[in-house]
Amino acid sequence: MPVPIIHHPAFDAQFDAHHRFPMSKFTRLAEILVEDGIVGAGRFHMPAPALPGWLRLAHDARYVDQVLYQAVPPEMEKAIGFRVDERVAMRSRCATGGTVLTARLALAEGLACHTAGGSHHAARGGGAGFSVFNDVAVTASVLLADGDVGRVLVVDCDVHQGDGTAKIFAQDERVFTLSLHGEKNYPSEKAVSDLDVPLTDGTGDAAYLDALGAAIAQAFDTARPDLVFYNAGVDPHAEDRLGRLSLTDAGLFERDRRVIGFFRGRDIPVAAVIGGGYSRDIDRLARRHTIIHRVAREFG
Ligand SMILES: [Zn+2]
């Protein structure tokens, strides 16, 4: 069975090519998956936009309305890094709906991969750091509310700390948050995850993989999850504009293999989201984001 891959054209809100956020990577990522035969043409699973009621499970109703009606205060838009216009609002709803679909398909089939998601800096009261809605937090909340899962583990390997997710679930024992991140990377003021693994600048493949192995074993022992969300951000890569670690492509392949292998080996469903990645070279960046889909295929 091919591993389900989730995509929607609306993930690309079509920013100017010079914008700091490399928006066109979402379109190119989907193209590469088809070109390289990782997914058949027309075989993506297409999500519906997240319902407002879902969004309100992880975000304040006031903030959800501000996004849906394009009334996000300018200072918050500054913290997010772009204007939240109609297209961005729809993009954020579709990406979050995509994470819900990814998780539901993972529960049904063991493993599923998004082509967006991982907006982990958004907290209950508002967005930040290119994150409008915290798609993983919304999805975990929906599944917990529906009784589809009892316990959830978030394994966040984006180079930036999953501060929004950590804050949203700080008081919720059903959700265990693990974040491996560059200690000098954004955000400067870190939140407290259930398990934080801060890494020094220049940490390379070998030391990273050692830290990862220990962290997921420790998190698993405590979390005992029914479902794992895996944020496979590629910004720990040496060539990333914003990351400060020094992973190679081979290191990212091995990282994804170890995370998926650990949990699939224990028959725990894994829902993977792509997380962050920042490069001016959209083709190289989009290709790097396909590592998770290529690794997932090994487990299909
Ligand atoms: Zn990041």
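Residues numbered from 1 in each chain as written. Predicted model: local features only at pLDDT ≥ 70, side-chain atom pairs only at ≥ 80, totals over all residues. Heavy atoms only, no water.

Colleague: Sorry if this is basic, but what is going on with the overall build of the protein chain here?
Modeller: Scanning the protein chain from terminus to terminus reveals 11 helices and seven strands. Computed over its C-alpha atoms, the radius of gyration of the protein chain comes to 17 Å, within 12% of the 19 Å expected for a compact globule of 300 residues. Considering only C-alpha atoms, the protein chain reaches an extent of 45 × 40 × 40 Å along its principal axes. By the burial criterion, 59% of the 300 residues in the protein chain qualify as buried. Contacts in the protein chain between residues far apart in sequence, at least 24 positions, make up 75% of those at least 6 positions apart. Of the accessible surface of the protein chain, which amounts to about 11800 Å², a share of 50% is contributed by carbon and sulfur atoms. On the protein chain, the mean spot of the 32 positive side-chain charges and the mean spot of the 39 negative ones are 2 Å from each other. (Helix = DSSP H or I, 4+ residues; strand = E, 2+ residues; numbered from the N terminus. Rg over C-alpha atoms; globule rule 2.2 N^0.38 Å. Buried < 20%, exposed > 50% of the residue type's maximum accessible area, 1.4 Å probe, protein only. Contact = heavy atoms within 4.5 Å. Areas by Shrake-Rupley, 256 points an atom, 1.4 Å probe, with all protein chains shown as cover. Lys, Arg positive; Asp, Glu negative; His and termini not counted. Charge placed at Lys NZ, Arg CZ, Asp CG, Glu CD.)

Colleague: What should I look at first to understand helix α1 (residues 25–35) in this one?
Modeller: Side chains three or four residues apart in an α-helix point the same way, a direct result of the helix having 3.6 residues per turn. Buried residues of α1: Lys25, Phe26, Arg28, Leu29, Ala30, Ile32 and Leu33, and no others. In this structure, the buried side of α1 is in contact with β1 (5–6), α5 (86–109), α10 (282–289) and α11 (291–298). Looking at the residues trailing α1, positive phi occurs at Gly37, about 70°.

Colleague: Looking at this model, I keep getting lost on the coordination of the zinc ion. Mind explaining?
Modeller: Metal coordination angles in their ideal form are 109.5 degrees for the four-donor tetrahedron and 90 or 180 degrees for the six-donor octahedron. Every protein donor of the zinc ion is accounted for by Asp158 (OD), Asp158 (OD), His160 (ND1) and Asp235 (OD), and the metal-donor separations fall at 1.9 to 2.7 Å. One can describe the site at the zinc ion as irregular: its four donor atoms subtend angles covering 54 to 155° at the metal. Mapped onto the sequence, the residues coordinating the zinc ion show the spacing D-x1-H-x74-D. In this pair, Asp158 is assigned in the loop between β3 (152–156) and α7 (163–168) and Asp235 in the loop between β6 (227–231) and α9 (249–264), connecting sequence segments 77 residues apart. With respect to class, Asp158 is no different from Asp235; both count as buried. (Donors = N, O, S within 2.8 Å, 3.2 Å for Na, K, Ca; no water. Tetrahedral: all angles 85-135°; square planar, octahedral: opposite > 155°, others 65-115°.)

Colleague: Hey, could you run me through the pattern of salt bridges in this one?
Modeller: Side-chain pairing between opposite charges can occur once the charged atoms of the two side chains come close. Summed over all chains, the structure comprises 19 salt bridges. Two residues, Asp36 and Arg294, come together in a salt bridge whose shortest N-O distance is 2.8 Å. Highlighted residues: Asp36 in the loop between α1 and α2 (52–58) and Arg294 in helix α11, separated in sequence by 258 residues. For Arg287, the salt bridge identified is with Asp283, shortest N-O distance 3.4 Å. Taken together, the positions of Arg287 and Asp283, both in helix α10 and four residues apart, correspond to about one turn of that helix. For Arg287, a relative accessible area of 33% gives the class partly exposed. Classification of Asp283 by relative accessible area gives partly exposed; the value is 29%. Members of the salt-bridge network, linked through shared partners, are Arg28, Glu31, Glu35, Asp36, Asp283, Arg287 and Arg294. (Salt bridge = Lys/Arg side-chain N within 4 Å of Asp/Glu carboxyl O.)

Colleague: Explanation requested: helix α3 (residues 61–68) in the structure shown.
Modeller: Every buried residue of α3 is listed here: Tyr63, Val64, Gln66, Val67 and Leu68. Turning to α3, the residues buried within the fold contact α2, α4 (74–80) and α5. Following α3 by one or two positions, Gln70 has its phi on the positive side, about 50°.

Colleague: Is there a simple way to think about the packing of helix α8 (residues 205–223) against α9 in this case?
Modeller: A pair of packed helices is captured by two measures, namely the crossing angle of their axes and the spacing between those axes. Between α8 and α9, whose axes approach to 10 Å, the crossing angle comes to 15°. The angle between α8 and α9 falls in the class roughly parallel. The crossing of α8 and α9 is right-handed. Residues Asp205, Tyr208, Leu209, Leu212, Ile216, Ala217 and Phe220 of α8 form the contact with α9, whose own contacting residues are Gly251, Glu254, Arg255, Arg258, Val259, Phe262 and Phe263. (Axes fitted to C-alpha atoms, helices over the stretch in contact; angles between N-to-C directions. Parallel < 35°, antiparallel > 145°, perpendicular 65-115°, else oblique. Left-handed = near helix turned anticlockwise from the far one by under 90°.)

Colleague: Help me out: how do you make sense of the packing of α9 against α11 in this one?
Modeller: One way to put it is that α9 packs onto α11 with a least axis distance of 9 Å and a crossing angle of 45°. On the basis of the axis angle, α9 is oblique to α11. As α9 packs across α11, the resulting crossing turns out to be right-handed. Of α11, the residues touching α9 (which contributes Asp249, Leu252, Phe253, Asp256, Arg257 and Ile260) are Ile291, Ile292, Arg294, Val295, Ala296 and Glu298.

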